Amino acid sequence: MSYKYNIIVIGGGHAGCEAALACARLGCKTLLLTMSADTIGLMSCNPAIGGLAKGQLVKEIDALGGQMAKATDASAIHFRVLNTKKGPAVRSTRAQADRQAYRLCMKSVIEAQPNLDVKEGMACGIMIKGASAIGVKTVLNEAIHADAVIITPGTFLNGLIHIGLEHSPGGRMGEKCSSGMSRSLKGLGLKLGRLKTGTCPRLDGKTIDFEKLAAQHGDEAIVPFSFQTAKITGEQLPCYITYTNDRTHDIIRANLDRSPLFAGIIKGTGARYCPSIEDKIHRFPGRDRHHIFLEPEGLNTTEYYPNGISTSLPIDVQERIVNSIEGLERARIVRPGYGIEYDFVDPTQLYPTLETKAAEGLYLAGQINGTTGYEEAASLGLMAGLNAALKIKGKKPLILSRAQAYIGVLIDDLVTKGTNEPYRMFTSRVEYRLILREDNADVRLAPIGYETGLISEERFTHIMRKKDRVGKEIKRLKDTGLEKALRRPGTSYGDIMKQDDMPRLSTEEAKEVEIEIKYEGFIKRQINEVSRFNKIEKIKIPPDIEYKDIHSLSNEIKEKLSKLKPVNLGQASRISGVTPAAISILMVYLKSKKDCFSV
């Protein structure tokens, strides 16, 4: 059987959903090929979206026209803004979501989207003609042709599930893995590696003694994830806090010989910033306890996710660990925790558009790029979908810089520096985080979303009116001298308005006015830094440049530049081992090629 699409997206996880929606919304006939239509948008690990730095990614996805923020708002059961006692640059939103409600919401959006077909099937290889991807083959010997292919397989590439010393193939508990696609990618010359992640056991809430536990309620004044959501109206639930203890740690230490991680069975590199509980106990022997957040899985289930005890220990050990914890003495495990190894592609083999250097029209997004987390995956999926669609339409690609968005930092880190462990976004990775805040993501990125076609004119006009109102209010406060009062520690915009008869702004607009005035000096400093940064970013490097002809460069640097193929001088300067002297030599060479030098 033979079919033809503009774009095929392989995988229905967070990256695949955003990629497929972006392609279809830009008018491309798109196929979402997934191993199970029932698991589209499924949260494989914890039932939450956002968190430190991840909240910024979700806001940016929304500002560019993506779906994750809307699906979260529609299914959220617990909202919290983190780091509220710190400056605005590091504040991030996190929401617990009803796992099944989120999945069903995303699935319904996918199925209702014009230009988007969903098909169950397992891709086993990429069809190539010359140096370009022209479609996908499935295990049922179907040939599905397309102008571009986006691969978003999550943990399904040669996935191997570990519980104790037992292991079995699988991309997620109870689901098959994909092996043929890894062989196909290797056949293209792509370098693959192995990474490892894991998940916690799920507990029966009927067997948890909540009276022993401290409840953690969400924020009363909820700020939705999506800039288009007027108000969160769904029922909200508390989380609960407990801790590991000496007995828990003794159980884990006594059974490390039964851990696949310590027995040497797991070969993949795990996430440094989200280790398993056995890894925590081993790495931090001086800690007498570790936090556990009991997170509800949804409104219509009794299951709880004990965030903090991800493990691949045997099930009998998992039961003893759980029952050693206060409030969980009688808790029953509904689903065991497990570790999972999977293949990923060295992301330095990608252009900043997320197109592979090995095959034109082939894009990779999500955990295959070396990331961990729903938000990172969705960000990459959105950008891969946008760029695949723009390429087919004959338009310029969209590359966000480090000075424009957290998404720009994420992609630049991956394709320029690579990663040998699951990459997680942090605010500390972002040089210009004071001007790349959650609250201004819509104003920052809506013009780009509008230009690409994912943001409607109506929405764009609404955002620009918000920008105008904020700007006018800042000017008014300066003209009247009220900004001096607002700069005082402990004074809020609301306090100023009690003494003023001017019409008030919305809560979010007021927040932005307050931040822009209180941090004006720091913001101006970062804007000046961005101006200097942009000068070198605008010096383009032609794709056909021959570094061997630049005789003043060392052979080592020539080799690195030839391999990584930076698209501009800024990216070249961030490649490990490329010296400032080499950048100066390269700049002089590019100046001699006037068509390359654009400042």
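The sections below set out a description of the structure shown in this document.

## Points about the overall build of the protein chain
Moving on, step 1. Scanning the protein chain from N- to C-terminus turns up 19 helices and 20 strands.
Moving on, step 2. The C-alpha radius of gyration of the protein chain comes to 25 Å, within 12% of the 25 Å expected for a compact globule of 599 residues.
Moving on, step 3. Considered along the principal axes of its C-alpha atoms, the protein chain spans approximately 70 × 70 × 50 Å.
Moving on, step 4. The long-range fraction of contacts in the protein chain, counting pairs at least 24 apart against all pairs at least 6 apart in sequence, stands at 74%.
Moving on, step 5. Surface exposure of the protein chain reaches about 25500 Å², of which carbon and sulfur atoms provide 51%.

## Re helix H16 (residues 520-537)
Given 3.6 residues to a turn, an α-helix orients residues that are three or four positions apart in the same direction.
Moving on, step 1. Taking 1.5 Å as the rise per residue, H16 with 18 residues should run 26 Å; its terminal C-alpha atoms sit 25 Å apart, in good agreement.
Moving on, step 2. Packing partners of the buried residues in H16 comprise helix H12 (457-479), helix H15 (507-518) and helix H18 (569-573).

## So, the pattern of salt bridges
Moving on, step 1. Applying the stated criterion across every chain yields a total of 44 salt bridges.
Moving on, step 2. Ionic pairing is found between aspartate 442 and lysine 466, a salt bridge with its closest N-O pair at 3.0 Å. In this pair, aspartate 442 is assigned in helix H11 (residues 441-452) and lysine 466 in helix H12, connecting sequence segments 24 residues apart. Side by side, aspartate 442 and lysine 466 carry an identical accessibility label, which is buried.
Moving on, step 3. The network of salt bridges with common partners includes Arg402, Asp412, Asp413, Lys417, Glu431, Glu537 and Arg574.

## With respect to the sheet that holds strand S16 (residues 291-296)
Moving on, step 1. Spatially, the 6 strands line up as an open sheet ordered S14-S15-S16-S17-S13-S18, and their pairing is antiparallel. In this open sheet, the two edge strands, each paired with only one partner strand, are strand S14 (214-216) and strand S18 (333-335). Going from strand to strand, the sheet's axes swing by 40 degrees on average, the running direction of each strand aside.
Moving on, step 2. Where S16 lies against strand S17 (residues 303-307), 4 bridges are found, and the strand directions are antiparallel.

## Overview of the packing of aromatic side chains
Pairs of aromatic rings are described using the distance from one ring centre to the other and the angle between the two planes.
Moving on, step 1. Considering all chains together, one arrives at 6 aromatic pairs under this definition.
Moving on, step 2. Geometrically, the ring pair formed by phenylalanine 79 and phenylalanine 225 is tilted, given 6.2 Å between the ring centres and 50 degrees between the ring planes. Linking phenylalanine 79 in strand S4 (residues 76-82) with phenylalanine 225 in the loop between S14 and strand S15 (239-243), this pair joins segments that are 146 residues apart in sequence. Each member of the pair, phenylalanine 79 as well as phenylalanine 225, is classed as buried.
Moving on, step 3. Both rings, one in tyrosine 450 and one in phenylalanine 460, keep their centres 4.4 Å apart while their planes meet at 0 degrees; by these two values the pair is stacked. Placement of tyrosine 450 in helix H11 and of phenylalanine 460 in helix H12 is noted, with a sequence separation of 10 residues between them.
Moving on, step 4. In this structure tyrosine 450 comes out as partly exposed when scored by relative accessible area, which is 34%.
Moving on, step 5. Since its relative accessible area comes to 17%, phenylalanine 460 is described here as buried.

## Looking at the side chain of histidine 78
Moving on, step 1. Inspection of the secondary structure assignment puts histidine 78 in strand S4.
Moving on, step 2. What makes histidine 78 buried here is its relative accessible area of 4%.
Moving on, step 3. Here histidine 78 is in contact with Arg94, Ala95, Gln96, Gln216, His217, Gly218, Gln236, Leu237, Pro238 and Cys239, once residues within four sequence places are set aside.

## Some thoughts on the packing of helix H6 (residues 246-254) against helix H8 (residues 315-323)
Moving on, step 1. Relative to each other, H6 and H8 sit at 165 degrees, their axes nearing to 9 Å. Taken together, the axis directions place H6 and H8 in an arrangement best described as roughly antiparallel. In this structure, H6 crosses over H8, and the sense of that crossing is right-handed. On H8, the residues that touch Arg247, Thr248, Ile251 and Ile252 of H6 are Val317, Arg320, Ile321 and Asn323.
Moving on, step 2. Taken together, the residues that form the contact of H6 with H8 break down as 4 nonpolar, 2 polar and 2 charged.

Conventions we followed
- Residues numbered from 1 in each chain as written.
- Predicted model: local features only at pLDDT ≥ 70, side-chain atom pairs only at ≥ 80, totals over all residues.
- Heavy atoms only, no water.
- Helix = DSSP H or I, 4+ residues; strand = E, 2+ residues; numbered from the N terminus.
- Rg over C-alpha atoms; globule rule 2.2 N^0.38 Å.
- Contact = heavy atoms within 4.5 Å.
- Areas by Shrake-Rupley, 256 points an atom, 1.4 Å probe, with all protein chains shown as cover.
- Expected span 1.5 Å × (residues − 1).
- Salt bridge = Lys/Arg side-chain N within 4 Å of Asp/Glu carboxyl O.
- Buried < 20%, exposed > 50% of the residue type's maximum accessible area, 1.4 Å probe, protein only.
- Pairing = 2+ DSSP bridges.
- Axes fitted to C-alpha atoms, helices over the stretch in contact; angles between N-to-C directions.
- Phe/Tyr/Trp six-rings, centres within 6.5 Å; stacked < 30°, edge-to-face > 60°.
- Parallel < 35°, antiparallel > 145°, perpendicular 65-115°, else oblique.
- Left-handed = near helix turned anticlockwise from the far one by under 90°.
- Nonpolar A, V, L, I, M, F, W, Y, C, P; charged D, E, K, R; others polar.

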